[in-house]
Structures are given as C-alpha cells and as structure tokens.
Amino acid sequence: MNTLKPHVSPRNVIATVLLLLITCTDFPAMAQTLTERLKGESIEKLASDARTRGNPVKGAILFTQQNLHCTRCHNARDAKPVGPALNALGKDVTDVHLVEALLAPSKSVRKGYESVVILTTAGNVMAGRIVEDGPARIVVQRSTGDLDRVTIPRPEVEEIRPSMVSAMPENLVDPLGDRQPFLDLVRYLMELAATGTEHPQSEFVTGGESLRPELQGIVWLKEFNCQACHQHDISDTPLTAKQAPDLARSVGRINPRFLQQFIADPLKHRPGTTMPDVMVGLSPLERKAAADEITHYLLSLSDERYSTPAIESEAANRGRDTFHTVGCVACHSPRAEDHQELLAENSVPLGKVHEKYSVDGLVAFLENPLQTRPAGRMPQLQLSHWEAIDIASYLLAAPTTASITEPFPLNADLAAKGKARFTQLGCQQCHSVDSQKPAPTSLALSQVRPNQGCLSDEQGNWPLFQLSDRQRTDIQAALVRTSQDLTSGDHIALTLTGMRCVNCHQRDRLGGVSAERDIYFHTTNPNLGPQGRIPPTLTGVGAKLNPNWMRQVLVAGRTIRPYVTTRMPQYGADNVAHLVELFEQVDHLPDVEYPRFDDQKKLREVGTELVGTAGLNCIVCHTFQLKAAANMPAVDLTEMAERLKKDWFYHYMRDPQSLSRNTIMPSFWPAGRAMRKDILDGNSDLQIEALWQYLLDGRQARTPRGLIVEPIELLATDEAVMLRRSYPGVGKRGIGVGYPQQVNLVFDAEQLRLAMIWKGKFADPGGVWRSQGHGTVRPLGDQLMRFSPGPDLDDATNPWVVDDGRPPSHQFMGYSLDDKMRPRFRYRFAGIDVEDYAVDQIDGSENQAFLRRQLTFKSDGDRAGLTFRAASGNSIVRADDGVFVVDERLHIHVQDASTAKIVNREVNGAATQHLNIPLHLKSGLTTLTLDYRW
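Procedures and definitions
Residues numbered from 1 in each chain as written. Predicted model: local features only at pLDDT ≥ 70, side-chain atom pairs only at ≥ 80, totals over all residues. Heavy atoms only, no water. Helix = DSSP H or I, 4+ residues; strand = E, 2+ residues; numbered from the N terminus. Contact = heavy atoms within 4.5 Å. Areas by Shrake-Rupley, 256 points an atom, 1.4 Å probe, with all protein chains shown as cover. Pairing = 2+ DSSP bridges. Axes fitted to C-alpha atoms, helices over the stretch in contact; angles between N-to-C directions. Buried < 20%, exposed > 50% of the residue type's maximum accessible area, 1.4 Å probe, protein only. pLDDT = per-residue confidence, 0-100. Parallel < 35°, antiparallel > 145°, perpendicular 65-115°, else oblique. Left-handed = near helix turned anticlockwise from the far one by under 90°. Nonpolar A, V, L, I, M, F, W, Y, C, P; charged D, E, K, R; others polar. Lys, Arg positive; Asp, Glu negative; His and termini not counted. Salt bridge = Lys/Arg side-chain N within 4 Å of Asp/Glu carboxyl O. Polar contact = N/O pair within 3.5 Å; in protein donor to acceptor, adjacent residues only side chain to side chain.

1. Here we look at the overall build of the chain
- Tallying secondary structure elements over the chain gives 28 helices and 26 strands in all.
- For the chain, restricting intrachain contacts to residue pairs at least 6 apart in sequence, the fraction spanning at least 24 positions comes to 67%.
- Approximately 43000 Å² of the chain is accessible, and the part contributed by carbon and sulfur atoms is 49%.

And the structure:
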C-alpha cells in the first residue's frame, strides 16, 4: 500500500513584491514578506488599527482582485462555497479573529469547512472538502486550481484523514505589498461580518429551462429544413429553418470538382452534413451522371469561376491564431498543428474546406455569410477584410490533390440536362436559384408517422438523412407532442439552441462554455477574471438591458466589452430580433421602491463625488468616455444608463454577485449597509440613486475626481531611492534604483540580471500606486536601454533555455545598502556567490554621469566554463580602447576587453547580440568592473 503523505497544493497566487522607498535606514539582506512582517506585530494592535485607520472602500476593491482569489472561495451565491460566506459569519466573529484568519488560517478552521486528505486504491492523494458522503460515492471539492468537484466511488477510497491545514493558503496577503492595504482589506471584512446575516438574494423569474426532448426535436426539424417539403404545423416557434445556400450567389466560388463529388454522395463526402442523399434509388453510374449534369447546370448560373488557392504562409499562421481566438471554435472544431480536428464529434463539421473554396471565394463568404446563407446558422463574425484573408488562408492550407484541381469546362448540353435533374430530384425545395420558393410537396408534419419515411431505418422514395439515434428520438418526440402552445421561455430556448448562442452564453441551466472549449476563450485584461473572457450570462437579460440597446447588440453588433476576444456574431435581424420582446416578456425582477429627493442637481453632485477617488473609487476600474481606467477597462460608466434598466441597477449595486456570479465588482452596501456612512448620512438607497442620477448624463457627465492624473516623479537627491514593483518587460520582481547623479537601473531579482538602465529622472510609480499594485512603473528620463531576459551569469556550454520563469540553478540572496543607500545585490549560482554593486560617478573630463558596475565572484575552488553577459542589443560594435558600443548609444568599457566576445543569440524568438565575458574563477574572490556611459 502506498504511504499517505499529507499534501495541499499551493494556490496559484501572483506575488506582488513589497514596495520600498528607501530613505535613511538600513535594510536587511533578505526582505521579509508582508505576512512575516505583520506576524511580528500584535494581532490586537493590527485589529485596532484596521478598525480605526482602515478604508473599507479600498478594501472592497482589494477583496475582488484576482491575485488574492477571495471571491473564488467566499462566494455566497454558490450552493456549497469553498469558504464561508463572509456576510453570514455571525456577530460572534471578532476583529481579532478576522486578522488571525488572514495571517494564520490553519490555526482555527470554521466548522463545516474542514479539509480532508483522501488516499485512493490507485495511490492518488487528493485534498479538499467533502460535499457529499454517501454509500456509493464521495464528492470532494478541491480547494485549489479551478475549485472543481471530483467524484470518487466508495470502493476506490482507501483512507480518509482529517487535514490540519486550512484550504485558505498561507501568505495569502503578501500580494497586498504593504501594511495599509492589509488594514483596508480587514476593515472591509469587518463591514461584511457586521451584517450578521446574508442579505436576501435578488431572484429572477425566468421561463427558459433546459430543452426537453420534444423541443430539441423541433430544433432538429428546423436544422434539417424539414418544412421545405412538409408544412411545419406542430409549433409556432420564430426559430427560422436552416435554409440551404443560395446557389446562384455561391456556386462560382466553389471548386466544381468538389461540387461534383459532393452532389454524387454528400453523406460520404462530408459526414455530419444536413444535406440529404436524394439519389438513393440510382446506380453508381447514374449518380455520377446526375452529379455531372447538376454541376454543369449550377455553373451556368454564375459568371464567377473558381481559381486554385494561392496560400501565403504568413497569412495562414496569423489565421490560425485568429481562428482559435475570435470565436470560430465555439462551433467548429479547434485544430492541431497538422489540421487534425480535436473536437470533431461535438462540432459543426467544416468538411474538406481546402478542396472546396478558392481564397477569394472563402474570403467573400466569411465577410458576409448571410448573403448566401440568410438563415444565420453561419453568422457574421465582424471580420475585417484582412482577418478574413488570414482565416481563409489557414483553412485552405491543407494539401490538395491533383484530381480536385483539374479544369472543368462548362458544357451547355449537360447544363440543360442538369436543370431537369435539379427539378426531378427536388433540389429546388431547399435551394433557391430564382428567388422562388416552392410550396411544400409532402404531408404536414403533424400527419407524419414517426417511424416511417425519413425517420425509419429503411431506404425508399424519400431523402436519406444521416440521423443519429438521439436526433431521431428527439424528432419523434416532437412529432407526437401534445398540441399545447409553447411558452415564451420555450421560444427563447429554441432560438438560443438553434442559433447555437448557448455555445458561448448560459441562460439558467441551458448552455454555457464547455470545459473542453474553455481554453479558447481569451481576454486582453486578465485582471477582470472570468468575466473578462467568458461571454456574459443571458439569465435575466430582459430585466437587465433596455430594449433599444439589446436590439443594437443583436442586430447591429454593438459591444461594450472590447477585452473579450470572442466576438458577438451577427445572425441577421430576421433570425434573432424577436428575442428582444421575448426576453422582456419572461424576465422580471422584484419592484424597487426608489427614494425620494428634492434637489436633483445636488444629488448628481454627490454622484460625481461617489464615482471619483474621494468616494467609491469607481473610476479606478471603469472606463469613462472611452478612456480606459488605470486598473482595468471595465464597462464604460457613461453608457450604463443608456444600457441598463434602473431596477436592475439597484439590485446589482446592492448585491453584485447575485446577478453576476463571475463579477469582481465589490459590494459597497453589504446587507444594505453603506460603507461610506459620511455621505448622505449613510443612506444606501440615496447613494445608489445619486450614482444613477449622475449616470443619466451619459457622455456629458462631469469628469470625476481621479480621472485626470498628473504623473508622480520619484527622484533621488542626496541618496539613492529604490522602487520594487513591476517594470515593462521585467515583471513584478523588478528592483529599480535611482541614483543622485540621475543615472538609473532596474535589477531583475527573478532572473538575476541587469534589465534596464537610463539617464535623467528616475520613475513614475503612479501605475502601481493608483491601481492596487497591478500596473507597471514608468521609467522617466531618456536613452533607456533594455537588455535581454535570462541570467547574466550562466554556464557557457549549457546555458538555461530562457522563458518567463526563474532559472532553476540561480538563487536570489537579497541585498544590503551602503551609506548612500545604494544596493549590493547578492545571488548564488552553481556554488558561486555573486555580488552586483553599481555606483553612480562623474567623468572628470566631460562632467558626465555614468554607472560603474562592480561584480565580485566568490568560489571555493577553480571554476571554468562560465560566461557573464555585460549587455545585449540589436547591434554591438567593438571600438577602440576596450569600449563596446551597443545600438549606437551605450558605451561599455570592459576591464579586460581582450576576453570579451560579441555573440549572436536568439532569445524567445528574437535575434540579438550579446556582449559576453568568459570567466575562469580562481579559488577565493574574483572581480570584474564595467563602466556604462552614454
């Protein structure tokens, strides 16, 4: 039996490094984490300071930050959350308890949220909380990763042990960076705990349920366009049938050889097609003759002619990224490098598209698919012309065969025969060639016997469809359904399913992004969490959006979420415009009683204050008049009143998670209690009304405080200053140093390298100070030089393959400060202790400031085969007197220039030149001096 080893996987927390502004005190060689510093203080003092000095509004924003993950576990809207609802803790929870829970979560675990460690008979170890314990199975909710639930059959459980480790991770507060944000967060938790009980959740009244088999059968009847032959009299749904393509508009874009083969045997040539085989009774020779004739007839309908695809590899490479990003793979299968379909069974088949279209033909289709397929099953993805070229090039990049590209001269005699065949086989029932739609020629659907004709396993004088057992069963259920009318909710569910809206959107229990496709939904701003990449829920959307706005989204493609890379498709007004009225009929919220007020102008002034940084800080996260906020580009404040219904706005402000589970919007009125008790006497409803009155001004709304931000200049005077935060291209372990002589550098404590140097003013820290630590520091000054990633000191013959992580053989050992507060960075590599110490100096002859970098290597024995990188750039030239010129700007003097080498390297796909200095270390100390001048 395997030995059980208690184990809890660490939470994937993005560590934000502590911000230090060094003034006149020494700093230890190894900086403590925030958790370690706070544990050194009195818990009672921290609790008291949080109560008196903490800002609950700032704490509310911190609570929703994705790097802390608070809302992932403490979500009161989950039926069984990983952690307890913080606004239902009870009044017995003290301030001290809240501080202790953050700093030492395993000291006391709340009853009902204890973790266990389970050992299975296969030797697997799993940690989490048991949410179901039955005789047949155990369901465990993991407390890490995606917080998924895992079902373990009882016979596979070998041992269950209680875990002494809380699901809440240690060092959770380290990303806060400093003591004051910690006090702010605790103060917000105090507000939540003070509510005592959970605020009643706003409930939607909706009619949309998961599709019943008879409803799914109606979707299939529409998908296979059964009403082309049968009168559709079993339902009055507004879901349009999937009409066949307009051949007069599309045939000239299609390879006639492909068309010939497809017509002869559509079910074999394109598995999954909704086109039936209408030549069941013909011999193989007759099939081929009929296919030839019909192909010639169709070609005679268009003056366009197919041309062999000419594929540009660069366009195809771009197209692969676009295809897997903008939403194509929500319906179609994603593809491997060799074009192998990865999810073919659960996707709309594309077939042999590379044998079908020319590039121009496919581009024309992608730009306006509704022109040839007006039923909207293939929607318009609002692709630019160049995006359409890229996707077409990618899809057509698969190899073609010689037979499929042979010329196909038009034969008028065969075309005439083909016209007769087209009518004889009933092709005109589905395909329009002259804008005339023939009347149904067969029984009405209500008269069709569910086990005969197209639905039987037999072949006869009827079209042969490629139906699965599930499709056949659903259609049979639709045909025998009772005559009761469909509800508005049924109509919504039919449209959302038939148009495949549910592949991206969820409504009640219907649809949503599947687990297998989740990785293809992206965002340009990870700070927004799932709501930044997953299309919004449609649950209750009729109670949320004003009808005019909803119609603009459905019909005109209006959008407010540019950070979601998956695009909202356009299906055509005839196919989806009816949803606006249906949503309004079905979706309702409890009525809201609005507060009375006398002075509207005064209330709007209060709203302006609340939106700004002196109020609720909305402007920190929300875009304003199309200007993105510093923290994240959440939806534009100036479009909210035009977009949202007022009742929904009130319910959302009171309890955001009740209406949007994935939102990171904090609650500023938990259980109806206002965080800002100093505004409007703490009247929650009046504060919300003030916000609404402000938003009513739309694009003409007054600019709130904090939107126009002057840059902050951090300068060194008599001593050096340090700023530990994220820098462009460096990451969150960057340590910036500004020297009194106005030369500056950034040391990368992750990859142990000199990452940047520049002259002039030091830095603007506003990007991180104003955005809860998620922005970047902006170097000021000029002549900025950035050096390549990867450690400066490395093995000459087997260097580390550079990525975004930490070199496995390097260890940062902290730093110490000299009397001018200049740091000596220390790290270790392969048993060698390194000190990297830069000082600012003045060139006596030219009176110009420069950096002198002094490296000290301590080794216990002789070490060869090492190399030290002094700089990197697009070009490095050796000049006179041991000087190397980098990118025609930076001059580097090497102590022993004869050993230095200019080496061509490729790092992360970029070709650069490196100035490398081979090292042969003796036992003891070895020094290297480098001067950096502009």
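So that's the structure; there's more coming.
2. As for the sheet that holds strand β1 (residues 116-120)
- With antiparallel pairing, 5 strands are arranged side by side in an open sheet as β4-β3-β2-β1-β5. A strand with exactly one partner marks an edge of an open sheet, and here the two such strands are β4 (149-153) and β5 (157-162). Between one strand axis and the next, the sheet turns through 45 degrees on average, direction left out of account.
- Summarising the sheet, strand β2 (residues 125-133) and strand β3 (residues 137-142) pair through 5 bridges and their orientation is antiparallel. By the bridge assignment for β3, Arg129 is matched with Gln141.

3. A few points about helix α17 (residues 469-479)
- Those residues of α17 that sit buried are Gln471, Arg472, Asp474, Ile475, Gln476, Ala478 and Leu479.
- Check the buried side of α17 and you find it contacts α7 (213-223).

4. Describing the sheet that holds strand β14 (residues 782-786)
- If you walk across this open sheet you meet the 5 strands as β8-β9-β10-β11-β14, and the pairing is antiparallel. Each having just a single partner strand, β8 (721-727) and β14 make up the two edges of the open sheet. Averaged over neighbouring strand pairs, the angle between their axes works out to 20 degrees when direction is ignored.
- Pairing geometry for strand β11 (residues 753-759) and β14, over 3 bridges, is antiparallel.

5. Describing the confidence of the model for the chain
- Taken as a whole, the chain shows an average pLDDT of 84; of its residues, 88% reach a score of 70 or greater.
- Note that pLDDT drops below 50 for residues 1-29; the model gives that stretch 79 contacts with residues more than four away or on any other chain.
- Below pLDDT 50 for its whole length, residues 197-208 participates in 40 contacts with residues either more than four positions away or in separate chains.

6. Remarks on unusual backbone geometry
- Of note in this structure, Gln625 is not a glycine but carries a positive phi near 50 degrees.
- Take Gln625: it is sitting in the loop between α23 (600-611) and α24 (640-643).
- According to the relative accessible area criterion, Gln625 is partly exposed, its value standing at 23%.
- One non-glycine residue, Leu680, lies in the positive phi region at around 55 degrees.
- Its place among the elements puts Leu680 in the loop between α26 (656-659) and α27 (684-695).

7. Examining helix α9 (residues 256-264)
- Of all 9 residues that make up α9, 8 are buried, and the element is covered over most of its length.
- The complete set of buried residues in α9 reads Pro256, Arg257, Phe258, Leu259, Gln260, Phe262, Ile263 and Ala264.
- Buried residues belonging to α9 abut α10 (266-269), α11 (284-299) and α13 (353-356).

8. Let's talk about the packing of α7 against helix α18 (residues 488-498)
- At a minimum axis separation of 10 Å, α7 and α18 run at an interaxial angle of 45 degrees. With respect to α18, the element α7 is oriented oblique. You can see that α7 and α18 cross each other, and the crossing is right-handed. Mapping the contact onto sequence places Leu215, Gln216, Ile218, Val219 and Glu223 in α7 and Asp490, Leu494, Thr497 and Gly498 in α18.
- Here the contact of α7 with α18 is composed, by residue class, of 4 nonpolar, 3 polar and 2 charged.

9. Digging into the side chain of Asp184
- Within the secondary structure layout, Asp184 lies in helix α6 (residues 179-194).
- Buried charge Asp184 goes without a salt bridge, the closest partner of opposite sign being Lys58 at 5.3 Å.
- A polar atom in the side chain of Asp184 sits 2.8 Å from the backbone nitrogen of Asn55.
- Setting aside anything within four residues of it in sequence, one finds Asp184 in contact with Arg53, Gly54, Asn55, Pro56, Lys58, Gly59 and Leu62.

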